[in-house]
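Take a look at the letters that make up each chain.
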There are 2 protein chains.
Amino acid sequence: MTARPANSHQARILKLLRDEGPTSRALLGELVDLSRSKLAVEVDRLMETGLVVSDGLAASRGGRRSHNVRLAPGLRFLGIDIGATSADVAVTNAELEVLGHLSQPIDVREGPVAVFEQVLAMADKLKAAGLAEAFDGAGVGIPGPVRFPEGVPVAPPIMPGWDNFPVREALSQDLGCPVMVDNDVNLMALGEQHAGVARSVGDFLCVKIGTGIGCGIVVGGAVHHGVTGSAGDIGHIQVDPNGHPCACGNSGCLEAHFSGAALARDALAAVESGHAGELADRLAASGTLTAADVAAAAAAGDALAIDLIREGGGLVGQVIASLVSFFNPGLVVVGGGVTGVGHGLLAAIRTQVYRRSLPLATGNLPIVLSELGTQAGVIGAARLITDRVFSPA
Amino acid sequence: MTARPANSHQARILKLLRDEGPTSRALLGELVDLSRSKLAVEVDRLMETGLVVSDGLAASRGGRRSHNVRLAPGLRFLGIDIGATSADVAVTNAELEVLGHLSQPIDVREGPVAVFEQVLAMADKLKAAGLAEAFDGAGVGIPGPVRFPEGVPVAPPIMPGWDNFPVREALSQDLGCPVMVDNDVNLMALGEQHAGVARSVGDFLCVKIGTGIGCGIVVGGAVHHGVTGSAGDIGHIQVDPNGHPCACGNSGCLEAHFSGAALARDALAAVESGHAGELADRLAASGTLTAADVAAAAAAGDALAIDLIREGGGLVGQVIASLVSFFNPGLVVVGGGVTGVGHGLLAAIRTQVYRRSLPLATGNLPIVLSELGTQAGVIGAARLITDRVFSPA
């Protein structure tokens, strides 16, 4: 059982060392606002627990050189990011650096038991590669609403068999360590906040476009879950009253019009109705079309693919424009599998937002692509569990 | 100069007494988690400053009867709520009970100097009626975005002359007391939280439908302002790409389709194009039609009026449905002048939200009309300034 901090000062020290890396005692004292002697007491106690170690002398800041401390380099956390069609599993150290990362296709519709069997096998592979002997905690993202902090999926629309499955308890037993569970998009937002484009931004939106569409909402530095854990579920906002039927039972939902699945469907329909070009060639070659094919075709200059992305991106932009007017964020990050289609998508989104939202809300508003890619989710998952284990028990 | 609390314990005591009224020392000690002796020290200091007074013996809770304390009954706060076409000014005590309330038509387009002249005259009237000798603080709501906490209007679209006017400083000099300024809808939300239907709700939306449309957003008990103070500006969310032109320069904005102004415009257009009935009679009688006429006609069973409200309410509901999916609030409060049209509006909004938003987000979601009416804004304004003056300087 990994030790836990005994009080809020120790918790702040641990989180600072996680976010800033090795730090001198002098600087740490300033950052947590503790006197030299009180800081020494807390750091010494953390060293006794094994969570913190000494790390040599810091660079001189003029006076006597201060000793560096850092989080124990042997701490290991597991970041698990379960998508509808793939799972990412990574091992990080306590500073949330990714030491190893596996990704493989899964089908979330097979249910939690089958999915976690595969995920645990991936974790074992990472262990077998020598990256960890045991885990000090694991964070898990799943592609549906989660009752937080209990870690139980609630009525996930695309995930039969997951409703009320005790993910947190079950995995905690299997892994022998504390586990926290959240929606995959919320963890992507945490990852971007920790190591990506959202560092130092307090209020931002993180829109993930993959098989479905979701939005992580960060308010004052913390994820906003909503009263039933479904905040950010923007995939079912209506964009066309006479639009495509959606799996949710309504019609014209955003993700019925633009998502990985919708993009593949529209590309297939266009080619079948006679559109020649790159996409038709790809269909002939492989017998199927995916969002990745549309991305590749667009990159190769295929007009149909470019149109599909521009049109769909415009719908996403229309929804984001409304959310920007409502929420007035400091940053919008766009990520997820479909962002492989690249800057055409971003341009379409930006056009809508800058045209539709109030100038006051968009004046200094960057709208950017995620730079972390699939690492955002696993880093966010590791961050979630360290937020927990670096808090007093 | 009214005294300010010296530390955070005193601040918590003052806010508790504001929110709960006279309270025994024993209960106060439990609520602020202070020992009997430490609490006694802080309460005695507050008594010395004159902010708190003794209020007799509390009812017995078994043991020795405890002494009640309360906020000084002579403290007076001014709540000012400036709308596009009317101003409300109220005097409250420190428990935010409204002791006197004046309302009069104004035109916000006359600019801040002319408007505040009228508002200050209203405050003088309340003084002359013996309700206050001086004010210990004033809260002000204005119908546009506010840079918070500086209290400066920013690019308010319907308010020529207000951009960057130093409302807080100017009024503070005129009134001789501390002043805080926020958007009128945010103050309505604070009022509902303090004394209305949102008591004890941490995350809720407060939609105000008056001359325009805005939304107060409360997250974890605090108003969310957004990075430039424009959060909640939902009046310019697009509801119809081919819709009415809006004052903002775009077309199809929500408030160009449903607001006090839009309702009056549509009623006039319908009558002028030949619709007979209650609305036509009212136009003939007074030469003009207002939202209040539509409300009265709907109440009298006029089919045209009922249709206008159902249609417009459906558009508001469509936008609220998106916001509910996004934000997953615990409550939606609908208020503002147009709510005079009553339950037909509420029914139209509810229909859209319960049909369009995810069941998980609407399962336990009440959508209700404000019960405070025009008092929500002035109580919220008084609450804003007491949050300030009951905090350490």
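Conventions we followed
- Residues numbered from 1 in each chain as written.
- Chains lettered and ligands numbered in written order.
- Predicted model: local features only at pLDDT ≥ 70, side-chain atom pairs only at ≥ 80, totals over all residues.
- Heavy atoms only, no water.
- Helix = DSSP H or I, 4+ residues; strand = E, 2+ residues; numbered from the N terminus.
- Rg over C-alpha atoms; globule rule 2.2 N^0.38 Å.
- Buried < 20%, exposed > 50% of the residue type's maximum accessible area, 1.4 Å probe, protein only.
- Contact = heavy atoms within 4.5 Å.
- Areas by Shrake-Rupley, 256 points an atom, 1.4 Å probe, with all protein chains shown as cover.
- Pairing = 2+ DSSP bridges.
- Axes fitted to C-alpha atoms, helices over the stretch in contact; angles between N-to-C directions.
- Expected span 1.5 Å × (residues − 1).
- Least-squares fit on C-alpha atoms with pLDDT ≥ 70 in both.
- Buried area = accessible area lost by both parts, 1.4 Å probe.
- Salt bridge = Lys/Arg side-chain N within 4 Å of Asp/Glu carboxyl O.
- Core = buried A, V, L, I, M, F, W, Y, C linked by side-chain atoms within 4.5 Å.
- Phe/Tyr/Trp six-rings, centres within 6.5 Å; stacked < 30°, edge-to-face > 60°.
- Domains from an automatic or database assignment.
- Parallel < 35°, antiparallel > 145°, perpendicular 65-115°, else oblique.
- Left-handed = near helix turned anticlockwise from the far one by under 90°.
- Nonpolar A, V, L, I, M, F, W, Y, C, P; charged D, E, K, R; others polar.

As annotated in an unreviewed UniProt entry, chain A is Sugar kinase from Streptomyces fodineus.

J.: What exactly am I supposed to notice about the overall build of chain A here?
T.: Across its full length, chain A holds 14 helices and 15 strands. A compact globule built from 393 residues should have a C-alpha radius of gyration of about 21 Å, and chain A, at 23 Å, falls within 12% of that. In terms of overall dimensions, chain A has a C-alpha envelope of 75 × 50 × 40 Å along the principal axes. Per-residue burial for chain A yields a buried fraction of 56% across its 393 residues. In chain A, 60% of the contacts between residues at least 6 apart in sequence involve partners at least 24 apart. When the accessible surface of chain A is totalled, it reaches about 15500 Å², and 51% of it is carbon and sulfur.

J.: Help me understand the side chain of S259 of chain B, please; the structure alone is not making it clear to me.
T.: All names here are of chain B. Topologically, S259 is positioned in the loop between α7 (254-257) and α8 (260-272). On the basis of relative accessibility, which here comes to 1%, the residue S259 falls in the buried class. Apart from residues lying up to four places away in sequence, S259 is in contact with I209, G210, T211, G212, I213 and V338.

J.: Would you take a moment to explain the sheet that holds strand β15 (residues 367-369) of chain A for this structure?
T.: Hydrogen bonding along the main chain pairs the strands of a sheet, whether they run parallel or antiparallel. Residues and elements named next belong to chain A. Taking strand neighbours across the sheet as the criterion, the five strands line up as β13-β12-β11-β14-β15 in an open arrangement whose pairing is mixed. Each edge of the open sheet is held by one strand with a lone partner, namely β13 (222-223) and β15. Where strand β12 (residues 213-219) and β13 come together, two bridges link them in antiparallel fashion. Considered in β13, the bridge of V218 is made with V223. Those strands touched by helix α6 (residues 184-195) are β11 (204-209), β12, β13 and β14 (332-335), and its axis lies near 125° from that of β11. Along the sheet, helix α11 (residues 303-327) makes contact with β11, β12 and β14, crossing β11 at roughly 160°.

J.: Mind showing me how you'd approach α8 of chain B here?
T.: Residue and element names in this part refer to chain B. Counted at 1.5 Å a residue, the expected span for α8 with its 13 residues is 18 Å, and the 18 Å between its end C-alpha atoms agrees. Every buried residue belonging to α8 is among G260, A262, L263, A264, A267, A270 and V271, and all of these are buried. Where the residues of α8 are buried, they touch α7, α9 (278-286), α10 (291-299) and α11 (303-327). Immediately beyond the C-terminal end of α8, within one or two residues, lies G274, with a positive phi of roughly 115°.

J.: What should I look at first to understand the relation of the copies chain B and chain A in this one?
T.: Related by rotation about an axis and a shift along that axis, the two copies of the chain form a pair. With an RMSD of 0.0 Å, chain B superimposes on chain A once it is rotated by 180° and translated 0.0 Å along the axis. Expressed as an axis order, the relation between the two copies is that of a two-fold axis. Looking at chain B, 100% of its interface residues are interface residues in chain A too, so the copies touch through the same face.

J.: Is there a simple way to explain the interface of chain B and chain A in this structure?
T.: Where the parts come together, the accessible area they lose is often given as the size of the interface. Listed as interface residues are 37 residues of chain B and, on the opposing side, 37 residues of chain A. Interface of chain B and chain A: buried area, both sides summed, is about 3300 Å²; carbon and sulfur atoms make up 59% of it. The largest contributions to the chain B side of the interface with chain A come from F326, R356 and L360 of chain B, which together make up 27% of the buried area. Linking chain B with chain A are zero salt bridges, by the criterion used here. Within the residue set of the side of chain B that touches chain A, elements represented by two or more residues are β12 (213-219), α11, α12 (343-356) and α13 (359-362) of chain B. The element best represented in the side of chain B that touches chain A is α11 of chain B, accounting for five residues.

J.: Can you help me understand the nonpolar core in this one?
T.: One broad trend across soluble globular proteins is that nonpolar side chains are buried collectively. Counting residues in hydrophobic clusters, the biggest one holds 101 residues, and the most contacted among them are F326 of chain A together with F326 of chain B. In contact with F326 of chain A, not counting residues within four places along its chain, are L205, C215, I217, A231, G232, I234, L323, F326 and F327 of chain B.

J.: Please explain the sheet that holds strand β10 (residues 179-183) of chain B as it appears in this structure.
T.: Residue and element names in this part refer to chain B. The sheet built from five strands is open, its strands ordered β6-β5-β4-β7-β10 with mixed pairing. Two strands lie at the open edges of the sheet, namely β6 (98-105) and β10, each paired on one side alone. The sheet shows a mean angle of 15° between the axes of neighbouring strands, direction not considered. As paired elements, strand β7 (residues 137-142) and β10 share five bridges and run parallel to each other. Following the sheet pairing, V140 is matched in β10 by V181. Sheet strands in contact with helix α6 (residues 184-195) are β4 (77-82), β7 and β10, and its direction is about 105° off that of β10. Packing against the sheet, helix α14 (residues 375-389) makes contact with β4, β5 (86-92), β6, β7 and β10, and its axis sits at approximately 130° to β4.

J.: Just checking my understanding: could you explain the packing of aromatic side chains for this structure?
T.: Think of a pair of aromatic rings as described by two things: how far the centres are apart, and how the planes are tilted against each other in angle. Enumeration over the complete set of coordinates arrives at seven aromatic pairs over all chains. Their ring planes at 65° and their centres at 5.4 Å tell us that F116 of chain A and W162 of chain A sit as a pair that is edge-to-face. Residue F116 of chain A is found in helix α4 (residues 112-128), and its partner W162 of chain A is found in the loop between β9 (152-153) and α5 (167-175); the two are separated by 46 residues along the sequence. Seen in terms of ring centroids, F77 of chain B and F390 of chain B are 6.0 Å apart; in terms of plane orientation they differ by 85°. Their pairing is edge-to-face. Here F77 of chain B, found in strand β4, pairs with F390 of chain B, found in the segment after α14; they are 313 residues apart in sequence, far enough to count as distant. By the burial criterion, F77 of chain B is buried, and F390 of chain B matches it.

J.: Explain the pattern of salt bridges here, please?
T.: Side chains that differ in sign of charge can pair as their charged atoms come close. Tallied over the full model, the rule gives 28 salt bridges over all chains. Across the salt bridge formed by K208 of chain A and D184 of chain A, the nearest N and O atoms sit 3.0 Å from each other. Placement of the pair is K208 of chain A in strand β11 and D184 of chain A in helix α6, with a sequence separation of 24 residues. The salt bridge partner of R265 of chain B is D266 of chain B, with a shortest N-O separation of 3.0 Å. Look at R265 of chain B and you get partly exposed, because its relative accessible area is 32%. Each of R18, D19, R383 and D387 of chain A takes part in a single network of salt bridges with overlapping partners.

J.: Even after reading the chapter, I still don't get the environment of G344 of chain A, so can you show me in this structure?
T.: Residues and elements named next belong to chain A. Its location among the elements puts G344 in helix α12 (residues 343-356). A relative accessible area of 42% places G344 in the partly exposed class. Considering only alpha carbons, one finds G344 and I320, 24 residues apart in sequence, at a separation of 16 Å.

J.: Whenever I open this one, the domain arrangement of chain A confuses me. Can you help?
T.: Residues and elements named next belong to chain A. As far as domains go, chain A holds domain 1 (8-71), domain 2 (77-193 + 375-389) and domain 3 (200-369). In this structure, domain 1 and domain 2 have C-alpha centres spaced 30 Å apart. In this assembly, eight residues from domain 1 lie in contact with six residues from domain 2. Together domain 1 and domain 2 conceal approximately 580 Å² of surface at their shared face, both sides included; 43% is due to carbon and sulfur atoms. Contact with domain 2 buries area across many residues of domain 1, yet K15, R18 and L71 alone supply 72% of it, more than any other trio. Linking E95 and R70 is a salt bridge whose minimum nitrogen-to-oxygen distance equals 3.7 Å. Of all the secondary structure elements, the ones that give two or more residues to the side of domain 1 that touches domain 2 are α1 (8-20) and β3 (67-71). For the side of domain 1 that touches domain 2, the leading source of residues is α1, giving four residues.

J.: Mind showing me how you'd approach the packing of helix α2 (residues 25-32) of chain A against helix α3 (residues 36-49) of chain A here?
T.: Each pair of packed helices can be described by the angle between their axes along with the distance between the axes. All names here are of chain A. Remark: α2 packs on α3, axes separated minimally by 10 Å, with the N-to-C direction vectors making an angle of 110°. As far as their axial angle goes, α3 and α2 are roughly perpendicular. Relative to α3, α2 is oriented so that their crossing is right-handed. Across the interface between the two elements, R25, L28, G29 and V32 of α2 pack against L39, A40, V43, D44 and M47 of α3. The class makeup of the residues in the contact of α2 with α3 is six nonpolar, one polar and two charged.

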